[in-house]
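# Descriptive structure summary
Spelled out, the chains give:
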Amino acid sequence: MRILMLGNSFTFYNDMPDMLAKLTGAGVVAHTRGGAMLSEQLNPDTKMGASTLKSLENEKWDYVVLQERSNAQMVSRIRFLKSVADLCDKIHSAGAVPVLYATWAYKKGSHSMNSLNMTYDEMYHGIYSAYHEAAEINHALVADVGKRFYELSESQNLYAEDGYHPNEEGSKIAAELLAEQILLLRRTKDL
């Protein structure tokens with residue numbers, strides 16, 4: 001099994017692709033850059049975009065994980081939905097399954113959260129609805145990491161000191177939820 005991960009620091013922090021590889025037994029390749037948006041993965045004029053497009057056209061993948069910049073799906077929802085649609089078209093054409101890595105709201109009360117013009121709940125619900133809309137439109141799986149962060153926010157610290165990146169436990173939860181979605185579908189296909 002081969003998994004391609006397209007994202008940014010929320011994907012590569014704490015070597016989360018390696019965690020996912022260990023949980024699934026898959027070969028995992030990550031095309032990431034800090035602050036990258038999914039639209040960059042479609043741009044043949046950037047190093048990462050050219051690499052992603054070439055990989056989707058010329059390599060065999062079973063699953064392709066898509067992760068948008070931390071609040072871009074709310075700030076630029078139309079651009080997010082278009083990028084997901086364009087990537088999902090390429091992923092489906094390549095015979096792979098798209099998996100949306102639905103991220104989280106910034107840590108409640110953190111400087112990062114307070115610098116936005118919204119509440120923690122508004123950010124959580126905005127991210128959640130954007131990823132679920134994109135998944136429904138594009139027949140993609142959703143690994144609801146943001147929902148798990150939301151559920152655990154009062155009892156567990158899942159954030160790095162900056163209040164928006166995951167700490168090691170947060171990355172572990174992300175890897176587990178991604179693996180759960182992938183392995184569940186794989187078992188269903190094998191039946």
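For the structure, check the block above.
Quantities reported herein were computed from a predicted structural model and do not represent experimental measurements. (Residues numbered from 1 in each chain as written. Predicted model: local features only at pLDDT ≥ 70, side-chain atom pairs only at ≥ 80, totals over all residues. Heavy atoms only, no water.)

### Overview of the side chain of N138
Relative to the helices and strands, N138 resides in helix 8 (residues 120–138). Classification of N138 by relative accessible area gives buried; the value is 8%. (Helix = DSSP H or I, 4+ residues; strand = E, 2+ residues; numbered from the N terminus. Buried < 20%, exposed > 50% of the residue type's maximum accessible area, 1.4 Å probe, protein only.)

### Describing the environment of I173
By the element assignment, I173 lies in helix 10 (residues 168–190). Linking I173 and M19, residues 154 residues apart in sequence, is a C-alpha distance of 9.8 Å. Those residues within four positions of I173 in sequence are excluded, and the remaining contacts are R148, F149, L152 and L158. (Contact = heavy atoms within 4.5 Å.)

### Considering the packing of helix 6 (residues 77–93) against helix 8
Geometrically, a packed helix pair is captured by the angle between its two axes and the distance between the axes. Running from amino to carboxyl end, helix 6 crosses helix 8 at an angle of 35 degrees, the nearest separation of the two axes being 10 Å. By crossing handedness, the relation of helix 6 to helix 8 is classed as right-handed. Residues R77, F80, L81, V84, A85, C88 and H92 of helix 6 form the contact with helix 8, whose own contacting residues are G126, S129, A130, Y131, E133, A134 and N138. Counted by class, the contact of helix 6 with helix 8 contains 8 nonpolar, 4 polar and 2 charged residues. (Axes fitted to C-alpha atoms, helices over the stretch in contact; angles between N-to-C directions. Left-handed = near helix turned anticlockwise from the far one by under 90°. Nonpolar A, V, L, I, M, F, W, Y, C, P; charged D, E, K, R; others polar.)

### A few points about the sheet that holds strand 1 (residues 2–7)
Judged by pairing direction, the sheet is parallel, and its 5 strands sit side by side in the order 2-1-3-4-5 without closing on themselves. A strand with exactly one partner marks an edge of an open sheet, and here the two such strands are strand 2 (27–32) and strand 5 (141–144). When strand polarity is set aside, the average angle formed by the axes of neighbouring strands in this sheet is 20 degrees. Relative to strand 2, strand 1 runs parallel, the two sharing 6 bridges. Within strand 2, the residue paired with M5 across the bridge is A30. Each of strand 4 (97–102) and strand 5 is contacted by helix 9 (residues 145–152), which is oriented at about 25 degrees to strand 5, the strand it contacts most. (Pairing = 2+ DSSP bridges.)

### Description of the nonpolar core
In terms of nonpolar packing, the biggest core is built from 59 residues, with V64, L66, Y101 and L178 touching the most fellow members. The element that contributes the greatest number of residues to this core is helix 8, accounting for 8 residues. Those residues in contact with L178 that sit more than four places away from it in its chain are M5, M16, L20, V65, V99, Y101 and A143. (Core = buried A, V, L, I, M, F, W, Y, C linked by side-chain atoms within 4.5 Å.)

### A word on the packing of aromatic side chains
Here the distance between the centres and the angle between the planes together describe a pair of aromatic rings. Evaluation of the coordinates by the stated rule reveals 10 aromatic pairs. Considering the side-chain rings of F12 and Y13, the 6.3 Å spacing of their centres and the 35 degrees angle between planes classify their relative orientation as tilted. A relative accessible area of 35% places F12 in the partly exposed class. Exposure remark for Y13: the relative accessible area of 27% places this residue in the partly exposed category. An angle of 75 degrees between the planes, with centres 5.2 Å apart, marks the rings of F80 and Y131 as edge-to-face. On the criterion of sequence distance, the pair formed by F80 in helix 6 and Y131 in helix 8 is long-range, its members being 51 residues apart. On the accessibility criterion, F80 (1% relative accessible area) is buried. Here the aromatic residues F10, Y101, W104, F149 and Y159 are joined through ring pairs into a cluster of three or more. Taking the ring centre of W61 as reference, the NZ or CZ of R2 above it sits at 3.9 Å. (Phe/Tyr/Trp six-rings, centres within 6.5 Å; stacked < 30°, edge-to-face > 60°. Lys NZ or Arg CZ within 6 Å of the ring centre and 35° of its normal.)

### Quick notes on the packing of helix 8 against helix 9
Where helix 8 contacts helix 9, the two axes come as close as 9 Å, and the packing angle between them is 155 degrees. As the angle between them shows, helix 8 and helix 9 are arranged roughly antiparallel. In this structure, helix 8 meets helix 9 at a crossing whose hand is left-handed. Of helix 9, the residues touching helix 8 (which contributes Y120, D121, Y124, H125 and Y128) are G146, K147, F149 and Y150. Looking at the contact of helix 8 with helix 9 residue by residue, the class counts come to 5 nonpolar, 2 polar and 2 charged. (Parallel < 35°, antiparallel > 145°, perpendicular 65-115°, else oblique.)

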